[in-house]
Amino acid sequence: LPAAVPHAPVVAYGRDGAREWLVLARVPGRSLAEVWTHLTVAERRAATVQLGEILRALHGVLLPTGFHNPWLEDALAPGGRPGDAYHAPPGRHQPLLAAAYAVPGADRGLLDAVGAFIAERLDAFTGDRPALAHADIHFANLLWADGRISALLDFETARPAAPDLDLDALLRLAREPELYRGRDGRAGPSRRDLAAIPDWLAGAYPALFAHPRLPARLAVYEALWQLVQALHFPPGAGPRDPWGHLKALLAAGDAWAAW
């Protein structure tokens, strides 16, 4: 990664059977999720502008020939675990749908509609040129130190994808920050605290918002995200309610993507 993408350097890595391990150098800072509510409006805007600059640099990295994410490919392969296929490519939605149909209590009519919803919008992805996407951008994966973002962490889901896949993750953070507060229940920024992020980010990285069919693309990304969540949270399982999210998405259509 270039210096414009602050990150924790890799010290060593390897494999023990099916398990992989990774040692990174320590980078100073606290997660942006912890500090956001203590930052001034000017600091929040500066952090968002920095994030836009980091993303632009990340998306400009030249991809090595054959680069891919084997975890994602394994999850989507026959006999794989589609519940691990977070941020699946739009054209690979069928394994997620097939797995969702097998969830006890699944609403098959809803899933039929979701499949049609995605298929109707796949042409919005025609001609995409893949970039290096992080695919899991949220504040717990960003460190803040001395008035700057000191590191972007957690590249395990990184893969070739359209840059606006990273926009999808950031908009989800701004829309539902409670999803990213961790298992310790520690309080974090509210939706109100994050409301200005899309506009600030658009000013810092306008190309991220430039696709003429961006609302349709964001709607598909959301459908794919909720399909994977539905494999972990069956109907009635709790407040995350991916099945309810899918119903709301179908009702809103592309207008759902407004912020």
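Scroll up to find the structure.
Residues numbered from 1 in each chain as written. Predicted model: local features only at pLDDT ≥ 70, side-chain atom pairs only at ≥ 80, totals over all residues. Heavy atoms only, no water.

J.: So what's going on with the packing of aromatic side chains? Residues and values would help.
T.: Between two aromatic rings, the relevant description is the distance of the centres plus the angle of the planes. In the structure shown here, the tally under the stated rule is three aromatic pairs. Considering the side-chain rings of Trp36 and Phe139, the 4.7 Å spacing of their centres and the 45 degrees angle between planes classify their relative orientation as tilted. Of the two residues, Trp36 is situated in the loop between helix 1 (32-35) and helix 2 (41-59) and Phe139 in the loop between strand 4 (131-133) and strand 5 (142-145); the sequence distance between them amounts to 103 residues. For Trp36, a relative accessible area of 0% translates into the label buried. Given a relative accessible area of 3%, Phe139 falls into the buried group. Ring centres of Tyr86 and Trp225 lie 5.8 Å apart, and the angle between their planes is 50 degrees; this geometry places the pair in the tilted category. (Phe/Tyr/Trp six-rings, centres within 6.5 Å; stacked < 30°, edge-to-face > 60°. Helix = DSSP H or I, 4+ residues; strand = E, 2+ residues; numbered from the N terminus. Buried < 20%, exposed > 50% of the residue type's maximum accessible area, 1.4 Å probe, protein only.)

J.: Account for helix 5 (residues 108-121), with residues named and values stated.
T.: With 14 residues, helix 5 ought to run about 20 Å at 1.5 Å a step, and its terminal C-alpha atoms sit 20 Å apart, in line with that. Residues of helix 5 that are buried: Leu110, Leu111, Val114, Gly115, Phe117, Ile118 and Arg121. On an axial view of helix 5, the arc spanned by its buried residues comes to 160 degrees, and they lie on one face. Turning to helix 5, the residues buried within the fold contact helix 4 (94-101), helix 8 (214-230) and helix 9 (242-252). You can read the cap of helix 5 off the contacts: a side-chain oxygen lies 3.2 Å from the backbone nitrogen of Gly109, and it is on Asp107. (Expected span 1.5 Å × (residues − 1). Arc of directions from axis to C-beta. Contact = heavy atoms within 4.5 Å. Polar contact = N/O pair within 3.5 Å; in protein donor to acceptor, adjacent residues only side chain to side chain.)

J.: With reference to specific residues and values, describe the pattern of salt bridges.
T.: Evaluated as defined, the whole model comprises 14 salt bridges. We note a salt bridge from Arg121 to Asp254, for which the minimum N-O separation is 2.7 Å. Placement of the pair is Arg121 in helix 5 and Asp254 in the segment after helix 9, with a sequence separation of 133 residues. According to the relative accessible area criterion, Arg121 is buried, its value standing at 12%. Measuring nitrogen to oxygen at the nearest pair gives 2.8 Å for the salt bridge that ties Arg213 to Asp123. One end of the pair, Arg213, is in the loop between helix 7 (197-204) and helix 8; the other, Asp123, is in the loop between helix 5 and strand 4, with 90 residues separating them in the sequence. Exposure remark for Asp123: the relative accessible area of 47% places this residue in the partly exposed category. Three or more residues are tied together by salt bridges with common partners; here these are Asp168, Arg172, Arg175, Glu176 and Glu222. (Salt bridge = Lys/Arg side-chain N within 4 Å of Asp/Glu carboxyl O.)

J.: I'd like to hear about the nonpolar core, residue by residue, with values.
T.: Core analysis: the biggest nonpolar cluster contains 71 residues, and Trp36, Phe139 and Leu227 have the highest contact counts within it. No other element matches the eleven residues that helix 8 contributes to this core. In this structure Trp36 touches Arg44, Ala47, Thr48, Phe139, Pro189, Asp193, Leu194, Ile197 and Trp200, once residues within four positions along its chain are discounted. (Core = buried A, V, L, I, M, F, W, Y, C linked by side-chain atoms within 4.5 Å.)

J.: How would you explain the environment of Ala57 if you had to name every residue and give the values?
T.: With respect to the secondary-structure elements, Ala57 resides in helix 2. Look past the residues within four positions of Ala57 in its chain and what remains in contact with it is Pro2, Ala4 and Val5.

J.: Can you explain the pairing of strand 1 (residues 10-16)? Please cite residues and give values.
T.: The side chains of a regular strand alternate, residue by residue, between the two faces of the sheet. Counting buried positions over the seven residues of strand 1 gives zero, only a small fraction of the element. Sheet topology note: the strand 1/strand 2 (residues 19-24) ladder contains six bridges and is antiparallel. Across the sheet, residue Arg15 finds its bridge partner in strand 2, namely Glu20. Two successive antiparallel strands, strand 1 and strand 2, enclose a turn made up of two residues, where Gly17 displays a positive phi of approximately 65 degrees. (Pairing = 2+ DSSP bridges.)

J.: Outline unusual backbone geometry, supporting the account with residue identities and numerical values.
T.: Among all residues except glycine, the phi angle is most often negative; among peptide bonds, the trans geometry is most common. You will see that Asp146, though not glycine, has its phi angle at about 55 degrees, which is positive. Note on placement: Asp146 falls in the loop between strand 5 and strand 6 (148-152). Judged by relative accessible area, Asp146 falls into the exposed class, the value being 80%. Positive phi, close to 65 degrees, is recorded for Asp154, a residue that is not glycine.

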